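# Observations on the model geometry
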2 protein chains.
Amino acid sequence: MILGLDIGGTNIKAGVVNAGKIVRRYRFPTRAHQRQAAVEQIKRVVDRFAGRISAVGIGCAGIIDSEKGIVRYSPNFAGWENVELGPILARDFNKPVRVINDVNAIMLGEWKYGAARGYDNAFLFTLGTGVGGAAVVEGKLLFGACGFAGEFGHTTIDFKGPRCACGNRGCLERYVGSRHIVDLARRLIRNERSALRAYGALSPRIIAREARRGDRVARAVFDRIGTYIGIGVSSIVNLLDPEIVIVSGGIARAGAILFDPVRRTVDQLILGATFRDLKIIPAKLGDDAGVLGAAAWAAEKSVRKR
Amino acid sequence: MILGLDIGGTNIKAGVVNAGKIVRRYRFPTRAHQRQAAVEQIKRVVDRFAGRISAVGIGCAGIIDSEKGIVRYSPNFAGWENVELGPILARDFNKPVRVINDVNAIMLGEWKYGAARGYDNAFLFTLGTGVGGAAVVEGKLLFGACGFAGEFGHTTIDFKGPRCACGNRGCLERYVGSRHIVDLARRLIRNERSALRAYGALSPRIIAREARRGDRVARAVFDRIGTYIGIGVSSIVNLLDPEIVIVSGGIARAGAILFDPVRRTVDQLILGATFRDLKIIPAKLGDDAGVLGAAAWAAEKSVRKR
């Protein structure tokens, strides 16, 4: 039994994992406002399960040194720089503790048990507040030199485009992050009739629902963001040449209203489309992917260590 | 002794390679105008050396099935689709013949003997008529699912930008391919005094020379293309997280007038620049890289086969 944790800015998702299956699921608040509070909370969570498990795997946003279990930097936690999360927990609980980037954990989960199973070259990205990415290349999970690989959201798609939170212009995330999807819808309903006008607050989920019901403006929003995503994915496909691209995150469940414009754009933009057999599909494991991937990472690394 | 060939649209560069050194260099016309003529010419070249060599490695532009030695498609040769170059030559000469994409060959050469030596995560791109790319990721040369990986030139940097020869808009190559560098200079000298006005025909080499001599317009051209290249490289660095980026091709010899704006742009655009130690440097082996890489590929694959 391995404990898999997916540490987000708001919640810690926990799962007791046995042979690639989550036996029980839990959810705890992260207490991310303060460095020590967050570490203590993670300790408390591990402590609850310590008697039943042989190792701990943790998925966490940021730059992770996956070999040493050190969180170099995490956008989710105030003041987290060079937090030795793995070594601290391993000492306290006397068990192997492995840390991995959260999107890498999702990729590993989908690769071992979900949508990317059996593929040697796969790319996955997550759509949410931000846009993350991870890749399997030539049969290996891609970490890169500093554990920074996969930052898909800050691919420039228009160097003259609007300013992104990261300081640059025209990053993909600046067009398809949740807030920007909502902003786009708000702009479009100003001058057009739309069911979206009836809502006090909009969300990608509401826009997707109304798009599926046939609302013209909501469909235009998804057409537009699907095109932007397709532009970003095309650069990835030209570069990495994956067999499969997996879309993860809440919006990935939007179905054809999202995938049709993405696929149409990619077919049009990639080189040698006729020579490829590229699949673009939604992730399979939902929230479980991160927990399963973190646990798989712990299992793999613990075995290697022995 | 291994024969390394780098087959371009105009010339075949050949080298007799011994233990990673080119013992003798040769150059032959490619005869690319017709499918059979080109194959026959390659056969003639191999035949010249057949008595002295134990294997042949061939670098060739296009989509290459490196396992089977088949050129699926090559932009250099009229009508080359599914040409079984490796098997044909292996049969004729009764020696192992291996084929690899030309930019992958350059990367392999620079990785084994040149600027990328010792790096597990490296990216290389070539600047010329077109813009090619190749990567070493997690200690492996990146081929991708169809042998298509590394197409850096068709990364979208402005989806509203000018139309590229490939049909899309705002591809990097549309800004920094040789012809577009010359076009940019031509536009700029229309309204400004410049030493470039004295030349009947411009080339990137002439523009680089005048830039180094201090011509303001020529410097502006390199500033601009350095910025464009930096934008493309930043997306690559965010995605692959290499330790080193290598610039190959004639313009790579331009020095600081090119590398300064590239490095400045990359420093500004990449995420977590402070956590990285990224090098951006010119290639070391020049024209030899492709020949050495092709030979290395043949050596490696032949050994594996035994």
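Residues numbered from 1 in each chain as written. Chains lettered and ligands numbered in written order. Predicted model: local features only at pLDDT ≥ 70, side-chain atom pairs only at ≥ 80, totals over all residues. Heavy atoms only, no water.

### Points about the environment of A:Leu3
Residues and elements named next belong to chain A. Secondary-structure assignment places Leu-3 in strand β1 (residues 2-7). Under the relative-accessibility criterion, Leu-3 is labelled buried at 0%. As for Leu-3 and Phe-93, which are separated by 90 residues in sequence, their C-alpha atoms are 12 Å apart. Not counting the four nearest positions on each side in its chain, Leu-3 is found in contact with Ala-14, Gly-15, Val-46, Phe-49, Ile-53, Ala-55, Val-56 and Gly-57. (Helix = DSSP H or I, 4+ residues; strand = E, 2+ residues; numbered from the N terminus. Buried < 20%, exposed > 50% of the residue type's maximum accessible area, 1.4 Å probe, protein only. Contact = heavy atoms within 4.5 Å.)

### Observations regarding the side chain of B:Asp158
Residues and elements named next belong to chain B. By the element assignment, Asp-158 lies in the loop between β11 (140-141) and α4 (173-176). On the basis of relative accessible area, Asp-158 is assigned to the buried category, the value being 2%. In terms of polar contacts, Asp-158 uses its side chain to reach the backbone amide nitrogen of Lys-160, at 2.9 Å. (Polar contact = N/O pair within 3.5 Å; in protein donor to acceptor, adjacent residues only side chain to side chain.)

### Comments concerning the side chain of B:Asn121
Checked against the element boundaries, B:Asn121 lands in the loop between α3 (102-113) and β9 (122-127). Here B:Glu138 takes part through its backbone nitrogen, which lies 3.0 Å from a polar atom of the side chain of B:Asn121. Among residues more than four places away in sequence, those in contact with B:Asn121 are A:Leu142, A:Gly144, A:Ala145, B:Val136, B:Val137, B:Glu138, B:Asp241, B:Pro242, B:Glu243 and B:Ile244.

### A short note on helix α2 (residues 85-93) of chain A
All names here are of chain A. Taken residue by residue, α2 has Leu-85, Gly-86, Leu-89 and Phe-93 as its buried positions. Around the axis of α2, the buried residues are gathered within 95 degrees of arc, so they sit on the same side. Against α1 (35-49), β4 (55-60), β6 (70-73), β7 (81-83) and β8 (97-101) lie the buried residues of α2. Directly after α2, the chain includes Asn-94, whose backbone phi takes a positive value near 55 degrees. (Arc of directions from axis to C-beta.)

### A few points about the nonpolar core
By size, the foremost hydrophobic cluster in this structure holds 102 residues, and its most contacted members are A:Phe222, A:Leu240, A:Leu258, B:Phe222, B:Leu240 and B:Leu258. When sequence neighbours within four positions are dropped, the list of residues in contact with B:Leu258 reads B:Leu127, B:Phe222, B:Ile225, B:Gly226, B:Ile229, B:Ile251 and B:Ala252. (Core = buried A, V, L, I, M, F, W, Y, C linked by side-chain atoms within 4.5 Å.)

### Focus: the domain arrangement of chain A
Residues and elements named next belong to chain A. Domains assigned within chain A are domain 1 (2-106 + 287-305) and domain 2 (117-282). Domain 1 and domain 2 are separated by 27 Å when their C-alpha centres are compared. Taken together, the 8 residues of domain 1 in the interface contact 12 residues of domain 2. Where domain 1 abuts domain 2, roughly 820 Å² becomes buried across the two surfaces, and 65% of that area is made up of carbon and sulfur atoms. Looking at the side of domain 1 facing domain 2, the largest losses of area belong to Ile-63, Val-103 and Asn-104, adding up to 61% of the total buried there. Where domain 1 touches domain 2, the interface holds 0 salt bridges. Our count for the contact surface shared by domain 1 and domain 2 stands at 0 residue pairs in polar contact (both at pLDDT 80 or more). Among the secondary structure elements, those contributing two or more residues to the side of domain 1 that touches domain 2 are β5 (63-65) and α3 (102-113). The greatest single-element share of the side of domain 1 that touches domain 2, amounting to 3 residues, is contributed by α3. For the side of domain 1 that touches domain 2, a count of residues per class yields 6 nonpolar, 2 polar and no charged. (Domains from an automatic or database assignment. Buried area = accessible area lost by both parts, 1.4 Å probe. Salt bridge = Lys/Arg side-chain N within 4 Å of Asp/Glu carboxyl O. Nonpolar A, V, L, I, M, F, W, Y, C, P; charged D, E, K, R; others polar.)

### Regarding the relation of the copies chain A and chain B
Rotating chain A by 180 degrees and translating it 0.0 Å along the rotation axis places it on chain B, where the RMSD comes to 0.0 Å. Taken together, the rotation angle and the small translation identify this as a two-fold axis. Among all residues of chain A, the one whose C-alpha sits closest to the rotation axis is A:Asp158, at a distance of 1.9 Å. A symmetric contact is evident, with 98% of the interface residues of chain A recurring at the interface of chain B. (Least-squares fit on C-alpha atoms with pLDDT ≥ 70 in both.)

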